[in-house]
Amino acid sequence: VLTPGFDLKAPFIIHTVGPVWQGGSANEAPTLRWAYMSCLDLARENSFSSVGFPAVSCGAYGFPIEKAAAIALKTLRQGLEEKKLATAAMYLYSESAFTTWSEAAHSLFGPHQ
């Protein structure tokens, strides 16, 4: 769902709901992928050039951050390759989360250039 950004610096907010982790056998991975991709589709439909994401489902919903990082990064890469937008950023809540996502990105895509 797209809403105005109100008092934020961003003019709009795209809201998504990710899956609650139930052990991995309740379609959590494809549901998380869909949550990110639907945001990318909405960004393209509204001619946004960039989007910032939190680690969807990794807080109260309990999705393991290592698994979520791989799913999100692969999905964002696909969206960028398909020209759904020009840039995508992750906004992470802790240094340990940043380290986990950085390691996942390095594993998936190689060293930062």
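See the structure above.
Predicted, not measured: the structure shown is a model, and the values here were computed from it.

Section: the pairing of strand 4 (residues 87–90)
In this structure, strand 3 (residues 50–53) lies alongside strand 4, joined through 4 bridges in parallel fashion. Looking at the pairing, Phe53 lines up with Met90 of strand 4.

Examining the packing of helix 1 (residues 28–45) against helix 2 (residues 65–81)
Close contact between helix 1 and helix 2 brings their axes to 9 Å; oriented N to C, the two are set at 35 degrees. The handedness of the crossing between helix 1 and helix 2 comes out as right-handed. Here Ala29, Leu32, Arg33, Tyr36, Met37 and Leu40 of helix 1 come into contact with helix 2, specifically with Ala68, Ile71, Ala72, Thr75, Leu76, Gln78 and Gly79.

Description of the pairing of strand 3
On strand 3, burial follows the alternation: Val51 and Phe53 on one face are buried, whereas Ser50 and Gly52 on the facing-out side are not. At this point the chain moves from strand 3, through helix 2, to the parallel strand 4, and the crossover so formed is right-handed.

Quick word on the packing of aromatic side chains
When we look at a pair of aromatic rings, we describe it by the centre distance and by the angle of the planes. Counted under the stated rule, the structure contains 3 aromatic pairs. Between the aromatic rings of Phe12 and Phe48, the centroid separation amounts to 5.4 Å while the plane-to-plane angle is 25 degrees, which identifies the pairing as stacked. One end of the pair, Phe12, is in strand 2 (residues 12–14); the other, Phe48, is in the loop between helix 1 and strand 3, with 36 residues separating them in the sequence. With a relative accessible area of 19%, Phe48 lands in the buried category. Ring centres of Tyr36 and Phe53 lie 5.0 Å apart, and the angle between their planes is 55 degrees; on these two criteria the pair is classed as tilted. In this pair, Tyr36 sits in helix 1 while Phe53 sits in strand 3, placing the two residues 17 residues apart along the sequence. With respect to class, Tyr36 is no different from Phe53; both count as buried.

Here is what the cut-offs are and how they apply
Residues numbered from 1 in each chain as written. Predicted model: local features only at pLDDT ≥ 70, side-chain atom pairs only at ≥ 80, totals over all residues. Heavy atoms only, no water. Pairing = 2+ DSSP bridges. Helix = DSSP H or I, 4+ residues; strand = E, 2+ residues; numbered from the N terminus. Axes fitted to C-alpha atoms, helices over the stretch in contact; angles between N-to-C directions. Left-handed = near helix turned anticlockwise from the far one by under 90°. Contact = heavy atoms within 4.5 Å. Buried < 20%, exposed > 50% of the residue type's maximum accessible area, 1.4 Å probe, protein only. Right-handed = clockwise from strand over helix to strand, strands pointing away. Phe/Tyr/Trp six-rings, centres within 6.5 Å; stacked < 30°, edge-to-face > 60°.

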